[in-house]
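Each chain is listed here by its residues.
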Amino acid sequence: MADYENILFSLEDGLATITLNRPESLNALSSGLKADLLHAVRRVGQKGSDARALLITGTGRAFCAGADLMEGNMGSADRDLGKSLIDDYHPILLELADLDVPVLSAVNGVAAGAGMSIAISADIVIAAHSAYFLQAFVNIGLVPDAGSTFLLPRLVGSARARAMMMLGERIPSDKALEWGLIYEVVDDDMIQLRAKELGHQLANGPTRALSGIRHLVSQSQKNNYAEQLQAEAGMQRQMGGTEDAIEGVMAFVQKRKADFKGK
Ligand code: LHQ
């Protein structure tokens, strides 16, 4: 298993876990952390990988405080933030979106700025009771990025998204749950346990169907109704021939738990 300086990476029984690991700066996205993250996500997605689900979380009291504001020329006028996004952030976000395994984020503490964007790009988001979500960008005179303007309005509606983006206020996890931004709130001391439990459930699931679900939901952002029905039919045609779908029906008929292999 490759060693990283800024993240922890493990692969256990089909569950890959990436833990952002710069707790002294609330896991802010330094160049090093972004490089490690991209490398690890690519590992998960590479052909022949044993990963059947990916969990992203953080160490310490934060999930991720967004771009590292202390690094390099972040504070100078000659910085090209657009280039930084295109070169360093988009590859991570697009790699995550393209994965053929489900992605779960366990928001153990604050998720701010691009850290929030990463958190909410997951298929399933759970958060600790004391965690909060912060569209921090406006507080430093920037616009939301790293996918937030795409994802957030779709998750919570335009009214709440615009207010969150313009006011830059902390949204606690229970409000995030009420808004439909996340799936579940967990007691602080249970978040990692619950994340592993859900992660292993996904890793033991019918991987090709889970991949199909994430790609279909993503395609529904641009398709009209008729196109989406067509996309579902095309995907279901592929699923019908999978070993897991055959096993799923057999297990139902034989009144036993299905043993999915991800094939
Ligand atoms: C940090 C950070 C941080 C470095 C806390 N960097 N050290 C932008 C530009 C370019 C291209 C790409 O995209 C982006 C996207 C973005 O993500 S822009 C948004 C960047 N993030 C922020 O603006 C959030 C900044 N942080 C905060 O507002 C607060 O730290 C939060 C609300 C997250 C937490 O507040 P507190 O719990 O009060 O903690 P703290 O402020 O005391 O921070 C603890 C330490 O972490 C502290 O270091 P120190 O040495 O004093 O203990 C902070 O300097 C450090 N830290 N965020 N983003």
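On a predicted model such as this, the values are computed, not experimentally measured, just so you know.

**Description of the environment of Leu69**
The residue Leu69 is located in the loop between strand E4 (62–64) and helix H2 (81–98) in this model. Setting aside residues up to four positions removed in sequence, Leu69 forms contacts with Met74 and Ile140.

**A closer look at the layout of surface pockets**
Each pocket or cavity is described by its volume, and for the largest pocket that value is around 1,000 Å³. Contributing to the lining of the largest pocket are 32 residues, with Ser121, Ala122, Asp123, Leu151 and Gln221 lying nearest its centre. Elements with a minimum of two residues in the lining of the largest pocket: H2, helix H3 (114–120), strand E7 (124–128), helix H4 (148–156) and helix H8 (207–219). Classifying every residue of the lining of the largest pocket gives 21 nonpolar, seven polar and four charged. The space that makes up the second largest pocket amounts to roughly 610 Å³. In terms of lining, the second largest pocket is formed by 34 residues, of which the most central are Ala67, Asp68, Leu69, Met74 and Tyr89. Secondary structure elements with two or more residues in the lining of the second largest pocket: helix H1 (31–45), H2, strand E6 (110–112) and strand E8 (132–134). Here the lining of the second largest pocket gets five residues from one element, more than from any other, and that element is H2. The residue makeup of the lining of the second largest pocket, split by class, is 19 nonpolar, seven polar and eight charged.

**Focus: the environment of Lys175**
Locating Lys175 in the fold gives a position in helix H6 (residues 173–179). As a C-alpha pair, Lys175 and Gly115 span 60 residues in sequence and 18 Å in three-dimensional space.

**What about the pattern of salt bridges?**
It is possible for side chains of opposite charge to pair when their charged atoms get near one another. According to the stated counting rule, one finds nine salt bridges in the structure shown. Between Asp88 and Lys34 there is a salt bridge, with the nearest N and O atoms lying 3.7 Å from each other. Residue Asp88 is located in helix H2, and its partner Lys34 is located in helix H1; the two are separated by 54 residues in the primary sequence. Looking at Lys34, the relative accessible area reads 7%, which means it is buried. Ionic pairing is found between Asp259 and Lys261, a salt bridge with its closest N-O pair at 2.8 Å. A cluster of three or more residues bridged by salt bridges with shared partners is formed by Glu184, Arg194 and Glu197.

**Some thoughts on the site of the ligand**
Around the ligand there are 27 residues in total, and Arg61, Ala65, Ala67, Leu69 and Ala114 lie nearest to it. A distance of 3.0 Å separates an oxygen atom of the ligand from a polar atom in the side chain of Asp145. Notes on the ligand: free accessible area 1,000 Å², of which the protein chains cover 70%. Put simply, the parts of the chain that give the shell around the ligand at least two residues each are H2 and E8.

**A look at the packing of aromatic side chains**
Summed over all chains, the structure comprises one aromatic pair. When the centroid spacing of 6.2 Å and the interplanar angle of 65 degrees are considered together, the rings of Tyr4 and Phe9 count as edge-to-face. With relative accessibility at 14%, the residue Tyr4 sits in the buried group. Since its relative accessible area comes to 14%, Phe9 is described here as buried. The side chain of Arg154 reaches across the aromatic face of Phe150, ending 3.7 Å from its centre.

Conventions adopted
Numbering of residues begins from 1 in every chain and follows the order in which that chain's sequence is written. Residues qualify for local features only when their pLDDT is at least 70, as the model is predicted, and side-chain atom pairs are given and counted only at 80 or more; totals for whole chains, interfaces and linings, by contrast, use all residues. As a convention, hydrogens and water are excluded, and side-chain values are obtained from all of the structure's heavy atoms. What counts as a helix is a DSSP run of H or I of at least four residues, what counts as a strand is a run of E of at least two, and both are numbered from the N terminus. Contact between two residues is taken to exist if any of their heavy atoms lie within 4.5 Å; hydrogens are not considered. Residues are said to line a cavity or pocket when one of their atoms sits within 4 Å of a point; the points come from a 1 Å grid over protein atoms alone, cavities being sets where a 1.4 Å probe fits but cannot get out and pockets being open sets with protein on both sides within 12 Å along at least five of seven lines. Grid points are joined across faces, edges and corners, and a volume is the space filled by probe spheres set on the points. Gly counts as polar in this scheme, as do all residues outside two lists: the nonpolar Ala, Val, Leu, Ile, Met, Phe, Trp, Tyr, Cys and Pro, and the charged Asp, Glu, Lys and Arg. Whenever a carboxyl oxygen of Asp or Glu lies within 4 Å of a side-chain nitrogen of Lys or Arg, that contact is scored as a salt bridge. Accessible area is worked out with a 1.4 Å probe on protein chains only. A residue is then buried under 20% of its type maximum, exposed over 50%, and partly exposed in between. A cutoff of 4 Å decides nearness: a residue is near a molecule or strand if any of its heavy atoms lies inside that distance of it. Pairing of N or O atoms within 3.5 Å defines a polar contact, subject to two protein rules: one partner must be a possible hydrogen donor and the other a possible acceptor, and residues neighboring in sequence count only if both atoms are side-chain atoms. The accessible surface values rely on the Shrake-Rupley method and a 1.4 Å probe; as for residues, cover is taken only from the protein chains in view. Whether two aromatic rings pair depends on their centres lying within 6.5 Å, for rings of Phe, Tyr and Trp, where Trp uses its six-membered ring; planes under 30 degrees apart make the pair stacked, over 60 edge-to-face, and the rest tilted. To sit over a ring, a charge needs its Lys NZ or Arg CZ within 6 Å of the ring centre and within 35 degrees of the ring normal.

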